[in-house]
Amino acid sequence: MMNSGEKGISKKIRKVQIEDLLGREPISLDINRIIDYVAGRTVLVTGGGGTIGSELCRQIAAHQPERLIIFDIQNELRRKYPELDLVTLIGSVRDSKRLESVFKTYRPDIVYHAAAHKHVPLMEDSPNEAIKNNVFGTLKTAQCADKYGAKKFVLISTDKAV
């Protein structure tokens, strides 16, 4: 049985909202207005197989890019968007020659850079790997984007604290 004190507490309990956990005021975005600029463009997404990168690829594919170039995920997008000119490549943002080849071949208009090592404890044990991938990989990708005339470069993450 519930005593009267427990009944009073249960009336004060409410569902937790995501805003309660955010620690700041939420930012309201008009996603369609933001992402519509990919229509008719060649878009490159690094880290396309990761959590953020794969969702980004899904969102981009739904907004009619001319071509979507991904360093990973492909089967789901091929089934859902059979008309999409999808190029799936294997590579690393650490590999300057591979990056150079991709940018020279495809000349992306927009680059979403989401490739990054995450998993903080692992990266704390191997900080040199985090630096090589998250810092120098980002630098190399940004330099190629600049060299080959990308109109937009969007850094999604280097991955957070790592």
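For the structure itself, look to the data block above.
These notes cover the structure that comes with them. (Residues numbered from 1 in each chain as written. Predicted model: local features only at pLDDT ≥ 70, side-chain atom pairs only at ≥ 80, totals over all residues. Heavy atoms only, no water.)

This part takes up the overall build of the protein chain. Scanning the protein chain for helices and strands turns up 8 helices and 5 strands. Expressed as a percentage of its 162 residues, the buried residues of the protein chain come to 32%. The contacts of the protein chain with a sequence gap of at least 6 include a subset with a gap of at least 24, amounting to 61%. Carbon and sulfur atoms provide 54% of the accessible area of the protein chain, an area that totals close to 10,500 Å². (Helix = DSSP H or I, 4+ residues; strand = E, 2+ residues; numbered from the N terminus. Buried < 20%, exposed > 50% of the residue type's maximum accessible area, 1.4 Å probe, protein only. Contact = heavy atoms within 4.5 Å. Areas by Shrake-Rupley, 256 points an atom, 1.4 Å probe, with all protein chains shown as cover.)

One way to put it is that helix H6 (residues 96-106) packs onto helix H8 (residues 127-147) with a least axis distance of 10 Å and a crossing angle of 30°. In terms of orientation, H6 and H8 fall into the roughly parallel class. Crossing of H6 over H8 shows right-handed handedness. Contact residues: Ser96, Leu99, Glu100 and Phe103 in H6; Lys140, Thr141, Cys144, Ala145 and Lys147 in H8. The residue makeup of the contact of H6 with H8, split by class, is 4 nonpolar, 2 polar and 3 charged. (Axes fitted to C-alpha atoms, helices over the stretch in contact; angles between N-to-C directions. Parallel < 35°, antiparallel > 145°, perpendicular 65-115°, else oblique. Left-handed = near helix turned anticlockwise from the far one by under 90°. Nonpolar A, V, L, I, M, F, W, Y, C, P; charged D, E, K, R; others polar.)

The next thing to look at is unusual backbone geometry. Non-glycine residue Gln64 carries a positive phi angle of around 50°. By the element assignment, Gln64 lies in the loop between helix H4 (51-61) and strand S2 (67-70). When its relative accessible area of 57% is taken as the criterion, Gln64 is described as exposed. One non-glycine residue with positive phi stands out, namely Arg107, at about 45°. Relative to the helices and strands, Arg107 resides in the loop between H6 and strand S4 (110-113). The class for Arg107 is partly exposed, based on a relative accessible area of 43%.

The next point concerns H4. For H4, every residue scored as buried is listed here: Gly53, Ser54, Leu56, Cys57, Ile60 and Ala61. What you see down the axis of H4 is that its buried residues fit within an arc of 160°, all on one side. For H4, the elements touching its buried residues are helix H3 (31-35), strand S1 (42-46), S2, helix H5 (75-80) and S4. (Arc of directions from axis to C-beta.)

Moving on to the pattern of salt bridges. Inspection of the entire model under this criterion finds 7 salt bridges. Of the charged contacts in the structure, one is a salt bridge between Arg94 and Glu129, with a shortest N-O distance of 3.0 Å. Placement of the pair is Arg94 in the loop between strand S3 (86-88) and H6 and Glu129 in helix H8, with a sequence separation of 35 residues. On the accessibility criterion, Glu129 (25% relative accessible area) is partly exposed. Each member of the salt-bridge network shares a partner with another, and the members are Glu55, Arg58 and Glu76. (Salt bridge = Lys/Arg side-chain N within 4 Å of Asp/Glu carboxyl O.)

In this section: the pairing of S2. Alignment of S1 against S2, held across 4 bridges, turns out to be parallel. Bridging across to S2, Leu44 finds its partner in Ile69. Running through H4, the crossover from S1 to the neighbouring parallel element S2 is right-handed. (Pairing = 2+ DSSP bridges. Right-handed = clockwise from strand over helix to strand, strands pointing away.)

With 21 residues, H8 ought to run about 30 Å at 1.5 Å a step, and its terminal C-alpha atoms sit 29 Å apart, in line with that. Turning to H8, its buried residues number three or more, namely Ala130, Asn133, Asn134, Gly137, Thr138, Thr141, Cys144 and Ala145. Buried residues belonging to H8 abut S1, H6, S4, helix H7 (120-125) and strand S5 (152-155). Two residues or fewer after H8 comes Gly149, characterised by a positive phi angle close to 75°. (Expected span 1.5 Å × (residues − 1).)

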